[in-house]
Amino acid sequence: MPANARPNIILIMADQLAAHALSLYGNTVCKTPNLERLAASGTVFENAYSNNPLCVPSRASMLTGLLSPDIGVFDNANELPSSVPTMAHYLRHSGYWTELCGKMHFIGPDQEHGFNQRTVTDVYPANFQWISDWQAGPAFVPSGTALNGVVEAGPCIRTMQEDYDDEVEHAAIQSLYDRAREPDHQPFFQIISFTSPHTPFTVSQEYWDRYDAHDIDEPSVGTLPFEALDYHSKALFFAHGRHRHKVTQAHLMAARHAYYGMISYIDDKVGRILDTLEKTGQRDNTAVFFVSDHGEMLGERGMWFKQAFWEWSAHVPFIASVPGVKGGGRCDKVVSLVDLLPTFLDLAGADHPDLAGQSVLPLMSAISAPWLDVAISDYLAIGPCVPCRMLRKGRFKLIYTHGHPPLLYDLNADPHERANLATDPQFADVLADLQALALTDWDPEALARRVLTSQQQRKVIKSTPGAAPQWDFIARTGDEARFVRAQGVDATKGRLRLPPVPEVPADWPELDKETVTDLIAGRRRLDEFLT
C-alpha cells in the first residue's frame, strides 16, 4: 500500500479513567464535549476492557498485542523484554514514523521500545523500585500509595500531574505542526499519553468550578461490609490502605468532584489536539483512538484505585475514529486493548503476526466477520498474592482468583455486579465454559512460581550494594527531580501540590501480616481494630 493511502494513527491515552465516568457510557455528570465530538466521527465500543488493571502490565500488553503473563510483565516493576516487538516496531516496518509523547512507564534500560522519537520524560521511575512481594502479604504496597489521595481531595492552584500533562500536550501539538511541514508526508503513528485523572484527586480551581457540588453523583453501589467481600476485594482492602484512613462522605464526594474535573481537563486537551489536526489539514487522513490503561473504582463498593476486575476498574473507554468509516456508531461486542495493535496493522495494510487480539475495523464497518466476543484480563501484583484472571464472554463475566471460589455475573441483567451466579445450578454450564476458557494455556500454579521467582530475582538486583542503575528517560535537564522517583507517589504529588496542604495522618495503626491474614480468613473481626 502506498504511503499516501495509509492514514496517520494517533492513540490518545488517559490514565486510570473509568468508562463509567463518561457521558458516552451513561454518566450524567461528567462533561466531555470533545470526547463526544470524537465519538460523533467514530465508534464507541461499549464493552472494552483493560487486559490488566494495573499500569505497567496493561501498557505492555497493549503495546505488544499479547497478554501480560505471556510477556512476563506481572507488576509495576517488570521490564517489557526488548526482544518482544511493539506497535512501534511493526508500524516502522510498514513505513510509519513513530513517536511516544508522555507516560508509558517502561521499566529497565530500554526506554524507547522501537519508537523513532520520545519527547517527554516519564512521570514514574524506570527501576525496580515498586516490586510486588507476595511473601510480605496483602498489605504490602511498594509505591507509597495510600488513601491520602482520597482524603486530601479538592481544588488547588496547580498539581504536578497538570505540570506533566501540559508538557505532553505541548510536545504532541508541536509534533503535529512538524509533521504537517514535512514535504513527503510520511504516515506517522503517535501515542499521546497523559497521567490524569490518576490519583491524587486534586485539580486546578478552573476545572473544579466546572461542577456544582450538588450535582456530583454518589456511587451506584455503596460500601459493602468487609465480611461480605470476596477474597480479592478483602485483600485490596488492605493493599489500598482502607484499614488506615477513614473515608467520610465529604471525602467521597470531594474525590468524585475532583475526578470529574480532571477528566474535563483531559477532554479539553483532546479538543485542542483535534483542532490542531483540523487546522493543519491532517484530520481527514488521521485515525484517532482514545483509551485508558484501566479504570478507577472511585468509591464504588467502598473501593478505590484499580487492581480489581469490577467494572469501574476493568472496563475502559475505547473510541475509534477512522477516515472513511461513518461516525456516530456504537458497538456492543466485547473488545480489549490487545485489539488495538491488529487494528493499527490493518490500517497500515500490514500482515498480522500471531497476537492475542483482533482488528476492530470490521466491527466499525458492520462487515460480517467472526468475532470471539471475549476479553481476558490478568492481575498478578499487590493484594491477593495469587494469580487472578477475568474473562468476559458475551453478557457473562467470570472472576477467577486462584484457590478461592469463582464469581460469575450476567452484566446485561446485573450491570452493578451484585448477584454472584457461580453457585446457581442454572448457570453451571456457563460457569464451566468460562472457566475452561480462562484456564486454556494458563496454569495458575506454574504462573505463581514464575511470579515469585521474578520477584526474588528483581529484589536481589534492587538491593545490590552501590549506586543503583539510572534507567529513567530524561527529556530535559532537571526532570529527574520534577516527577515521581524515590519518594513515592503520594509523597511526591502531595509535596508538589500548590498551595500545599497538610498530610492527613492515618486514623488507625498499621496491622501486621498475621493479623491481616486472620481478618481475611474470618478468624478475627475488623471492628476489633477500626473503632
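Everything discussed here concerns the structure shown above.
Residues numbered from 1 in each chain as written. Predicted model: local features only at pLDDT ≥ 70, side-chain atom pairs only at ≥ 80, totals over all residues. Heavy atoms only, no water.

J.: Please clarify how the sheet that holds strand 6 (residues 188–193) should be interpreted in this entry.
T.: The strands that make up a sheet are held in pairs by hydrogen bonds between backbone atoms, and each pair lies either parallel or antiparallel. Strand order in the open sheet made by the 8 strands is 4-3-6-1-8-9-2-10, with mixed pairing throughout. Two strands lie at the open edges of the sheet, namely strand 4 (117–118) and strand 10 (329–336), each paired on one side alone. Relative to strand 4, strand 3 (residues 97–102) runs parallel, the two being bridged by 2 bridges. Residue Leu100 lies in a different strand from strand 4, and its bridge partner there is Arg118. The strands that helix 2 (residues 55–64) touches are strand 1 (8–14) and strand 6; relative to strand 1, the one it contacts most, it runs at about 165 degrees. Relative to strand 8 (residues 286–292), helix 10 (residues 340–347) is tilted by about 180 degrees, and along the sheet it contacts strand 1, strand 6, strand 8, strand 9 (318–321) and strand 10. (Pairing = 2+ DSSP bridges. Helix = DSSP H or I, 4+ residues; strand = E, 2+ residues; numbered from the N terminus. Contact = heavy atoms within 4.5 Å. Axes fitted to C-alpha atoms, helices over the stretch in contact; angles between N-to-C directions.)

J.: What am I meant to see in helix 7 (residues 231–239) here?
T.: An α-helical turn contains 3.6 residues, so a residue and the one three or four places further along point in the same direction. Along helix 7, 9 of the 9 residues are buried, which leaves the element largely enclosed by surrounding structure. Of all the positions in helix 7, only Tyr231, His232, Ser233, Lys234, Ala235, Leu236, Phe237, Phe238 and Ala239 are classed as buried. Buried positions along helix 7 lie against strand 11 (374–379), strand 12 (388–393), strand 13 (396–401) and helix 15 (513–521). The N-cap of helix 7, judged by a side-chain oxygen 3.2 Å from the amide nitrogen of His232 a few residues on, is Asp230. Directly beyond the C-terminal end of helix 7, a positive phi value near 80 degrees is found at Gly241. (Buried < 20%, exposed > 50% of the residue type's maximum accessible area, 1.4 Å probe, protein only. Polar contact = N/O pair within 3.5 Å; in protein donor to acceptor, adjacent residues only side chain to side chain.)

J.: What should I look at first to understand the pattern of salt bridges in this one?
T.: Where charged atoms from two side chains of opposite charge approach closely, those side chains can pair. The tally for this structure, following the rule as stated, stands at 34 salt bridges. Residue Asp275 pairs with Arg37 through a salt bridge whose shortest N-O separation is 2.8 Å. Placement of the pair is Asp275 in helix 8 (residues 249–279) and Arg37 in helix 1 (residues 33–40), with a sequence separation of 238 residues. The residue Arg485 makes a salt bridge to Asp472 at a minimum N-O spacing of 3.2 Å. With Arg485 in the loop between helix 13 (444–462) and helix 14 (489–495) and Asp472 in the loop between helix 13 and helix 14, the pair connects residues that are 13 residues apart, well separated along the chain. Since its relative accessible area comes to 10%, Arg485 is described here as buried. The class of Asp472 is partly exposed, set by a relative accessible area of 22%. (Salt bridge = Lys/Arg side-chain N within 4 Å of Asp/Glu carboxyl O.)

J.: What am I meant to see in the nonpolar core here?
T.: Within soluble globular proteins, side chains that are nonpolar generally end up buried alongside one another. Membership of the largest hydrophobic core comes to 157 residues, with the highest contact counts inside it found for Phe289 and Phe318. Ranked by residues supplied to this core, first place goes to helix 8 with 15 residues. Residue contacts for Phe318: discarding those within four places in its chain leaves Tyr25, Thr43, Val44, Phe45, Ala48, Phe289, Phe290, Val291, Val335, Ser336, Leu340 and Val360. Trp134, Val338, Ala448 and Val451 belong to the second largest nonpolar core, which has 22 residues in total. (Core = buried A, V, L, I, M, F, W, Y, C linked by side-chain atoms within 4.5 Å.)

J.: Is there a simple way to think about the pairing of strand 8 in this case?
T.: Both faces of the sheet carry side chains from a regular strand, because those side chains alternate between them. Among the 7 residues of strand 8, 7 are classified as buried, and the element is accordingly described as predominantly covered. Here strand 8 shows two buried faces, one formed by Thr286, Val288, Phe290 and Ser292 and the other by Ala287, Phe289 and Val291. Of the pairings in the sheet, the one linking strand 8 to strand 9 comprises 4 bridges and is antiparallel in character. When the bridges of strand 9 are listed, Val288 appears paired with Ser321.

J.: Is there a simple way to think about the sheet that holds strand 13 in this case?
T.: Pairing within the open sheet is antiparallel, and its 4 strands lie in the order 11-12-13-14. Looking along the sheet, the strands with just one partner apiece sit at the ends: strand 11 and strand 14 (407–410). For this sheet, the mean angle separating the axes of adjacent strands, direction not counted, is 10 degrees. Inspection of the sheet shows strand 12 paired to strand 13 by 6 bridges, in the antiparallel sense. Note that in strand 13 the partner of Arg392 across the bridge is Lys397. The strands touched by helix 12 (residues 428–439) within the sheet are strand 12, strand 13 and strand 14, with strand 13 carrying the most contacts at an inclination of about 60 degrees.

J.: Even after reading the chapter, I still don't get the packing of helix 5 (residues 160–181) against helix 8, so can you show me in this structure?
T.: Working note: a packed helix pair is described by the angle between its axes plus the distance between those axes. Two numbers describe how helix 5 lies on helix 8: the axes approach to 10 Å, and their chain directions differ by 10 degrees. Taken together, the axes of helix 5 and helix 8 lie roughly parallel to each other. Judged by residue contacts, Gln161, Glu162, Asp165, Asp166, Glu169, Ile173, Leu176 and Tyr177 of helix 5 engage Met262, Tyr265, Ile266, Lys269, Arg272, Ile273, Thr276, Leu277 and Lys279 from helix 8. (Parallel < 35°, antiparallel > 145°, perpendicular 65-115°, else oblique.)

J.: What should I look at first to understand the environment of Ser58 in this one?
T.: When you line up the elements, Ser58 lands in helix 2. Its relative accessible area of 1% is what places Ser58 among the buried residues. Distance in space between the C-alpha atoms of Ser58 and Leu22 is 21 Å, their sequence separation being 36 residues. Setting aside its immediate chain neighbours within four residues, Ser58 contacts Ser50, Asn52, Asp293 and Leu337.

J.: How should the pairing of strand 14 be read in this particular structure?
T.: Neither face of strand 14 is exposed, since Leu407 and Tyr409 on one face and Leu408 and Asp410 on the opposite face are all buried. Pairing of strand 13 with strand 14 involves 4 bridges; the strand directions are antiparallel. Paired with Phe396 across the two strands is Asp410, which belongs to strand 14. Connecting strand 13 to the antiparallel partner strand 14 that follows it, the hairpin turn spans 5 residues, and Gly403 within it adopts a positive phi of roughly 85 degrees.

J.: Help me out: how do you make sense of the packing of helix 7 against helix 15 in this one?
T.: Running from N to C, helix 7 and helix 15 cross one another at 145 degrees; their axes reach a closest spacing of 10 Å. As for the relative orientation of helix 7 and helix 15, their crossing is right-handed in sense. Touching Tyr231, Lys234, Ala235 and Phe238 of helix 7 are Val516, Leu519 and Ile520, all from helix 15. (Left-handed = near helix turned anticlockwise from the far one by under 90°.)

J.: So what exactly am I meant to see when it comes to the packing of aromatic side chains here?
T.: Ring pairs (aromatic) are described by centroid distance and by the angle formed between their planes. Scanning the model with the defined rule gives 17 aromatic pairs in all. With a centroid separation of 5.7 Å and an interplanar angle of 85 degrees, the aromatic rings of Tyr400 and Trp442 are classed as edge-to-face. Of the two residues, Tyr400 sits in strand 13 while Trp442 sits in the loop between helix 12 and helix 13, which places them 42 residues apart along the sequence. Take Tyr400: its relative accessible area is 13%, and that puts it in the buried class. The exposure class assigned to Trp442 is buried, which follows from its relative accessible area of 6%. Put simply, the rings of Phe115, Phe189, Phe289 and Phe344 touch in pairs and so form one group of aromatic residues. The ring of Phe226 has Lys234 lying over it, and the distance from NZ or CZ to the ring centre is 5.4 Å. (Phe/Tyr/Trp six-rings, centres within 6.5 Å; stacked < 30°, edge-to-face > 60°. Lys NZ or Arg CZ within 6 Å of the ring centre and 35° of its normal.)

J.: For this particular structure, what's the right way to read the environment of Val247?
T.: Of note, Val247 is situated in the loop between helix 7 and helix 8. For Val247, a relative accessible area of 28% corresponds to the partly exposed category. The spatial distance from the C-alpha of Val247 to the C-alpha of Val44 is 34 Å, given a sequence separation of 203 residues.

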